[in-house]
Amino acid sequence: MNNSTSCLATATVCNGSSCVVPVSNFNAILSVVLSTVLTILLAMVMFSMGCNVEIKKFLGHIKRPWGICIGFLCQFGIMPLVGFILSVAFDILPIQAVVVLIMGCCPGGTASNILAYWVDGDMDLSVSMTTCSTLLALGMMPLCLLIYTKMWVDSGTIIIPYDNIGTSLVALVVPVSIGMFVNHKWPQKAKIILKIGSITGAVLIVLVAVVGGILYQSAWIIVPNLWIVGTIFPVAGYTLGFFLARIAGQPWHRCRTVALETGMQNTQLCSTVVQLSFTYEELNQVFTFPLIYSIFQLTFAAIFLGIYLSYKKCCGKNNEEFLENKNNETVSESSLYKVNEGFQPHEK
């Protein structure tokens, strides 16, 4: 058979009567570059986050772990459960449900620490919760995925890449430990690194949005259900985290801290884990969800912050009064009542 009649004009590879147009490897190369850059930038962010942890204060919270235990329950109990319920209720694709669960298992990022400062929260608790949840995610994320994706895995609908997810988490948790060591040895340099890390985190979000939008263009064509899940999920985290902390008898400023740590997830970590764990075809279905969640978690956090600042202004409470209240609060290991009572008379 004559190749000139059987082959298309665009054919570049011909073997006898078989003529094909090879698939462009541009997307594959860009995907590898994106994965590499994401990993490096996120490692820098996680390293800078570790530089914000003072080991003495961190160990102090470990010795009195009530606040951290509440945060643990919210982070790895409430959030994955809410993610599973939303996934089933809105009937999203199983592979999309896996990414929703990964987002639910991600620890809080540096954004939660910054917002905890703005709402007069417990900064030591915020940083300790972020650090603990980051370290514990190494085991809790695969465990939660094993529990909540069983119905889809057993039916053969999806296969969870546990090895890729585990490798990604190990590679990204190590910089946190190194950052803690740097802050212990060279605290002044750690402050500089922390500022660089904050800028890097912002760059990372923009990079993911721009390059991801180019690389996975079809990923933006998604059903409204995924947008709805991305809208409700952070609000549910903020609300349930706040009320659980309050039910547990925590003072108001710690309730605000736990709420932020619960709803404010490390979307950069989720994006990187997803990018490193799934195939190109799968990424076209799920890559946008971390960006959707990031948009709405920041939007609602800004709304909550505005409400809180308005409340402070209307009640005539300035920053000095709040700082004085927290400085005068007595934290006792033997009496939880004293911890709870310190903030209540001023905020009811």
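Residues numbered from 1 in each chain as written. Predicted model: local features only at pLDDT ≥ 70, side-chain atom pairs only at ≥ 80, totals over all residues. Heavy atoms only, no water.

(A) A look at helix α7 (residues 123-148). Between the first and last C-alpha of α7 there are merely 32 Å, a value that for 26 residues lags more than 12% behind the 38 Å anticipated at 1.5 Å per step. The axis of α7 is deflected most strongly, by about 60°, at alanine 137. Two or three places before leucine 125, at the start of α7, stands the capping residue aspartate 122, its side-chain oxygen 3.1 Å from that residue's backbone nitrogen. (Helix = DSSP H or I, 4+ residues; strand = E, 2+ residues; numbered from the N terminus. Expected span 1.5 Å × (residues − 1). Bend = angle between axes of the 7 residues up to and from the residue. Polar contact = N/O pair within 3.5 Å; in protein donor to acceptor, adjacent residues only side chain to side chain.)

(B) Layout of the pattern of salt bridges. For the coordinates displayed, the defined rule picks out two salt bridges. In this structure, lysine 312 engages aspartate 120 in a salt bridge whose closest nitrogen and oxygen atoms are separated by 2.9 Å. One end of the pair, lysine 312, is in helix α15 (residues 289-314); the other, aspartate 120, is in the loop between α6 (110-118) and α7, and 192 residues separate them in sequence. Residue aspartate 122 is joined to arginine 254 by a salt bridge in which the shortest nitrogen-to-oxygen separation is 3.0 Å. Of this pair, aspartate 122 sits in the loop between α6 and α7 while arginine 254 sits in helix α12 (residues 252-263), and the two are 132 residues apart along the sequence. Comparing aspartate 122 with arginine 254 shows no difference in burial state: the two are buried. (Salt bridge = Lys/Arg side-chain N within 4 Å of Asp/Glu carboxyl O. Buried < 20%, exposed > 50% of the residue type's maximum accessible area, 1.4 Å probe, protein only.)

(C) A look at unusual backbone geometry. Positive phi values are uncommon outside glycine, yet aspartate 91 reaches one of about 50°. With a phi angle near 60°, aspartate 120 is a residue other than glycine that sits in the positive phi range. By relative accessible area, which is 7% here, aspartate 120 ends up buried.

(D) Main features of the side chain of arginine 256. Its location among the elements puts arginine 256 in helix α12. By relative accessible area, which is 11% here, arginine 256 ends up buried. At 3.4 Å, the side chain of arginine 256 forms a polar contact with the side chain of tyrosine 308.

(E) Here's a closer look at α12. Over its 12 residues, α12 runs 17 Å from end to end, which matches the ideal 16 Å to within 8%, given 1.5 Å per residue. The buried fraction of α12 is high, at 11 of 12 residues. Three or more residues of α12 are buried, namely His253, Arg254, Cys255, Arg256, Thr257, Val258, Ala259, Leu260, Glu261, Thr262 and Gly263.

(F) Structural detail: the nonpolar core. Of all hydrophobic cores here, the largest spans 60 residues; its most connected members are Ile102, Met141, Phe233, Phe278 and Phe289. Methionine 141 has contacts with Ile102, Cys105, Cys106, Ile165 and Leu169, leaving out every residue within four places of it along the chain. Membership of the second largest hydrophobic core comes to 10 residues, among which are Ala116, Tyr238, Ala301 and Leu305. (Core = buried A, V, L, I, M, F, W, Y, C linked by side-chain atoms within 4.5 Å. Contact = heavy atoms within 4.5 Å.)

(G) Structural context of a nonpolar patch on the surface. Taken together, the side chains of Ile40, Met44, Ile192 and Ile196 make up a nonpolar region of the molecular surface, amounting to roughly 370 Å² of accessible area. Following the sequence through the fold, isoleucine 40 ends up in helix α2 (residues 26-50). (Patch = residues over 30% accessible without salt bridge, like charges linked within 9 Å, V, L, I, M, F, W, Y side chains within 5 Å. Areas by Shrake-Rupley, 256 points an atom, 1.4 Å probe, with all protein chains shown as cover.)

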